[in-house]
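# Structural overview for review
So the chains spell out like this:
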Amino acid sequence: MTAVLPIEAASQDSDSLKELASIARLITYARQSAKSLEAEFPVWCLDLALGAVLQEMYANGLQMPLFEEGMDKVNRAVAH
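Here we summarise the structure given alongside this text. (Residues numbered from 1 in each chain as written. Predicted model: local features only at pLDDT ≥ 70, side-chain atom pairs only at ≥ 80, totals over all residues. Heavy atoms only, no water.)

### Some words on the pattern of salt bridges
Across all of its chains, the model carries 1 salt bridge by this definition. We note a salt bridge from D47 to R31, for which the minimum N-O separation is 2.2 Å. Separated by 16 residues along the polypeptide, D47 in helix α2 (residues 40–59) and R31 in helix α1 (residues 7–36) bring together distant segments of the chain. Per residue, the accessibility class of D47 equals that of R31, and both read buried. (Salt bridge = Lys/Arg side-chain N within 4 Å of Asp/Glu carboxyl O. Helix = DSSP H or I, 4+ residues; strand = E, 2+ residues; numbered from the N terminus. Buried < 20%, exposed > 50% of the residue type's maximum accessible area, 1.4 Å probe, protein only.)

Dropping the structure here:
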């Protein structure tokens, strides 16, 4: 049996994914800035934040990893 979602729900999921992707881009930019300043603790915190946003994106219907190398780094950061 397949579930039928109303158009509003599908649109809302798409909007949520777009908002989360924007947040992920913002965090990635801030992480790169912190990394260039050699600010290790902020980089670590931003890695955790990025991992949390990516998990939320997957929970909201994202099917494929956005980037393999970045996910490995995020997974290592979350594990520590």
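### Thoughts on α2
An α-helix turns once per 3.6 residues; consequently, residues spaced three or four apart project the same way. The end-to-end C-alpha separation of α2 is 29 Å, in line with the 28 Å expected for 20 residues at 1.5 Å each. Among all positions in α2, only V43, L46, D47, L50, G51, V53, L54 and M57 are buried. One side of α2 holds all its buried residues, which, seen down the axis, span an arc of 165 degrees. When the buried face of α2 is taken as reference, the exposed residues oriented beyond 90 degrees from it are F41, Q55 and A59. (Expected span 1.5 Å × (residues − 1). Arc of directions from axis to C-beta.)

### A short note on the environment of A34
In this fold, A34 is placed in helix α1. In the structure, A34 is positioned 12 residues away from L46 in sequence and 8.9 Å away in space, judged by C-alpha atoms. A34 has contacts with A39, P42, V43 and L46, leaving out every residue within four places of it along the chain. (Contact = heavy atoms within 4.5 Å.)

### A look at the environment of E19
Residue position: E19 is located in helix α1. A sequence separation of 38 residues divides E19 from M57, and the C-alpha atoms of the two residues are 9.5 Å apart.

### A short note on the nonpolar core
The biggest cluster of nonpolar side chains holds 11 residues, and these are L20, A21, A24, I27, A34, V43, L46, L50, V53, L54 and M57. Ranked by residue count, the leading element in this core is α2, at 6 residues. Leaving out residues up to four positions away in the same chain, V53 has contacts with L20, I23, A24 and I27. (Core = buried A, V, L, I, M, F, W, Y, C linked by side-chain atoms within 4.5 Å.)

### Focus on unusual backbone geometry
Look at E38: it is not a glycine, yet its phi comes out positive at around 55 degrees. Inspection of the secondary structure puts E38 in the loop between α1 and α2. Look at E38 and you get exposed, because its relative accessible area is 71%.

### Thoughts on the side chain of R31
Classification of R31 as buried rests on a relative accessible area of 10%. In this structure, R31 is in contact with V43, L46 and D47, ignoring residues within four places of it in sequence.

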